[in-house]
Amino acid sequence: MSVKKKPLVVVTRKLPDSIETRMRELFDARINLEDTPMSADQIAEAARTADVLVPTVTDHISADIINQPDCKLRLIANFGNGVDNIDVEAAHARGITVTNTPKVLTEDTADMTMALILAVPRRMIEGASILTEGKPWPGWSPTWMLGHRIGGKRLGIIGMGRIGQAVARRARAFGLQIHYHNRRPVAPKIAEELGATYWESLDQMLARMDIISVNCPHTPATYHLLSARRLKLIRKDAYIVNTARGEVTDEDTLIKLIEGGEIGGAGLDVYEHEPAVNPKLVRLAKAGKVTLLPHMGSATIEGRVEMGEKVIINIRTFLDAHKPPDRVLPSML
């Protein structure tokens, strides 16, 4: 009796051991034990040989890769919520299904956003460096390392989806007043629960907030949503927190405005040209004007395992000739 050949699944980065083990059991899985990022040529080769590609948010699956004459892919099962790393329209036109891993990282990302909302005004990283870098500490003083309280301040959330709402719930518990800008208002019940004020005009909201949290996805419509013009609307004592995507903000202008004292500061977990971080941002961090993290917003063991489980479900459902639960269409972006 012949044994049915398993589909070839290429995974671009190392995943949790339990997920890789299950993939090896179910598929002819080619995994990346060294966790070395694949080059564009290697990804193109994978597209020519694999039935399923499992990329991560740092792998760019371009139209050129998808439109190779000998592209064999039938499914791109993204290990990540955002799909701005994939040309979804080109994949759809080629008949390649794209899936993602939504509703997994909401709480983790909201936790990190809240951590940055707290860390920037209270100068936490700057204070910690006093002890870890051997800097002189004169002991407690009434006027040393003073920051700002956040209770009573206005938080403006850009993007009131699942993560934005989770941030709002946490922020409200800390006494922040919740404001938001979104493509459309949230349901009245949610707005009432959060005590949230909707701003149809992003410009008007930005000019009135103490803290601005970026929680929208990166799409062509949100590229540099916080443009040079809009960043100049922000108050001098306000600051920005971004745990979404670096491309949403005009990073060069943000740096100039912080350097010039035109914006109070920033807490950033994402950058416009990742994994490169602008050296000027690093200098600002050393000067205590910004807090920088290396894209850690979703980095929990539990979250990564849940993401992997979603990827497996999407692949198995697709191979069973059913619509995967987390299918992404161009019309959804």
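Structure shown above.
Since the structure is predicted, the reported quantities are computational estimates derived from the model, not experimental observations. Per chain, the residues get numbers from 1 upward, laid out in the order the sequence is written. Residues qualify for local features only when their pLDDT is at least 70, as the model is predicted, and side-chain atom pairs are given and counted only at 80 or more; totals for whole chains, interfaces and linings, by contrast, use all residues. Hydrogens and water molecules were not included; the side-chain quantities draw on all heavy atoms of the structure.

Requested: an account of the sheet that holds strand 6 (residues 154–158), with residues and values cited.
What the 7 strands build is an open sheet, ordered 8-7-6-9-10-11-12; its pairing is parallel. The open sheet is flanked by strand 8 (197–198) and strand 12 (290–292), the only strands paired with a single partner. Each pair of strands is called paired provided DSSP finds at least two bridges between the two strands. The secondary structure listing takes helices from DSSP runs of H or I that are at least 4 residues long and strands from runs of E that are at least 2 residues long, numbered from the N terminus. Across 5 bridges, strand 6 lies against strand 7 (residues 177–181) in parallel orientation. What sits directly across from Arg154, in strand 7, is Gln177. Contacts between residues were defined by any pair of non-hydrogen atoms, one from each residue, lying within 4.5 Å. Fitted lines through C-alpha atoms serve as axes, helices being fitted only where they are in contact, and the angles separating the N-to-C directions of these axes extend from 0 to 180 degrees. Sheet strands touched by helix 12 (residues 279–286): strand 11 (265–268) and strand 12. Its angle to strand 12, the strand with the most contacts, is close to 115°.

Break down the environment of Arg327 for me, citing the residues and quoting the values.
Mapped onto the elements of the fold, Arg327 is located in the segment after helix 13 (301–319). It is 57 Å that separates the C-alpha atoms of Arg327 and Pro138, two residues lying 189 residues apart in sequence. Residues within four places of Arg327 in sequence aside, it is in contact with His92, Thr97, Val98, Thr99 and Met332.

So what's going on with the packing of aromatic side chains? Which residues, and what values?
When the centres of two rings from Phe, Tyr and Trp lie within 6.5 Å, Trp using its six-membered ring, the rings pair. Their planes under 30 degrees apart give stacked, over 60 give edge-to-face, and anything left gives tilted. Applying the stated criterion to the full structure yields 1 aromatic pair. Seen from their ring centres, Tyr180 and Tyr198 are 5.2 Å apart, and the 45° between their planes marks the pair as tilted. With Tyr180 in strand 7 and Tyr198 in strand 8, this residue pair connects regions lying 18 residues apart in the sequence. Here the term buried applies to any residue with accessible area under 20% of the maximum for its type, exposed to any over 50%, and partly exposed to those in between, with areas from a 1.4 Å probe on protein chains only. Taking relative accessible area as the criterion, Tyr180 reaches 1% and is therefore assigned buried. The partly exposed category is assigned to Tyr198, whose relative accessible area is 27%.

Lay out the sheet that holds strand 4 (residues 75–77) with the relevant residues and their values.
The 5 strands are arranged 2-1-3-4-5 in an open sheet whose pairing can be described as parallel. Looking along the sheet, the strands with just one partner apiece sit at the ends: strand 2 (28–30) and strand 5 (97–99). With direction set aside, neighbouring strand axes in the sheet form an average angle of 15°. Sheet topology places strand 1 (residues 8–11) next to strand 2; 3 bridges connect them, and they run parallel. When the sheet's bridge partners are listed, Val9 is paired in strand 2 with Ala29.

Run through the layout of surface pockets, naming residues and quoting values.
Whether a set of points on the 1 Å grid over the protein atoms alone is a cavity depends on a 1.4 Å probe fitting there but being unable to get out, while an open set qualifies as a pocket with protein on both sides within 12 Å along at least five of seven lines; lining residues are those with an atom within 4 Å of a point. Grid points are joined across faces, edges and corners, and a volume is the space filled by probe spheres set on the points. Estimated volume of the second largest pocket: approximately 400 Å³. Lining the second largest pocket are 20 residues, and of these Pro121, His148, Asp237, Tyr239 and Gly264 lie nearest its centre. When residues are grouped by polarity, Ala, Val, Leu, Ile, Met, Phe, Trp, Tyr, Cys and Pro land in nonpolar, Asp, Glu, Lys and Arg in charged, and all others, Gly among them, in polar. Split into classes, the residues belonging to the lining of the second largest pocket amount to 6 nonpolar, 5 polar and 9 charged.

Explain the pairing of strand 10 (residues 239–242) residue by residue, including any values.
The alternating pattern of strand 10 places Tyr239 and Val241 on one face and Ile240 and Asn242 on the opposite face, and all of these are buried. As judged from the 4 bridges shared by strand 9 (residues 211–214) and strand 10, these two strands associate in the parallel manner. Paired with Ile211 across the bridge in strand 10 is Tyr239. Across 4 bridges, the pairing between strand 10 and strand 11 is parallel. Each residue of the ladder has a partner; that of Asn242, found in strand 11, is Leu268. Crossover handedness for the path strand 10 to helix 11 (residues 251–259) to strand 11: right-handed. Note on handedness: a clockwise path from strand one over the helix to strand two, with the strands aimed away from the viewer, defines a right-handed crossover.

Please set out the side chain of Asp59 residue by residue, giving values where relevant.
Topologically, Asp59 is positioned in the loop between strand 3 (52–54) and helix 3 (63–66). Every residue in contact with Asp59, bar those within four places of it in the chain, is listed here: Thr12, Arg13, Ile43 and Asn85.

Talk me through the side chain of Thr12; I want residue IDs and the actual numbers.
Within the secondary structure, Thr12 sits in the loop between strand 1 and helix 1 (17–26). Taking the relative accessible area as the measure of exposure, Thr12 reaches 0% and is therefore buried. Setting aside its immediate chain neighbours within four residues, Thr12 contacts Asn32, Thr36, Met38, Leu53, Val54, Pro55, Thr56 and Asp59.

Go over the pattern of salt bridges, please, and point to the residues and values.
When a carboxyl oxygen of Asp or Glu lies within 4 Å of a side-chain nitrogen of Lys or Arg, that pair is called a salt bridge. One pass over the structure, following the stated rule, counts 17 salt bridges. The salt bridge partner of Arg170 is Asp111, with a shortest N-O separation of 2.7 Å. Here Arg170 is found in helix 7 (residues 162–173), whereas its partner Asp111 is found in helix 5 (residues 106–122), with 59 residues between them in sequence. The partner of Asp326 in a salt bridge is Lys310, with the nearest N and O atoms 3.6 Å apart. You can see Asp326 sitting in the segment after helix 13 and its partner Lys310 sitting in helix 13, a full 16 residues away along the chain. Taken together, the salt bridges that share partners define one network made up of Lys14, Asp17 and Glu20.

Any functional reading would require information that these geometric values do not contain.
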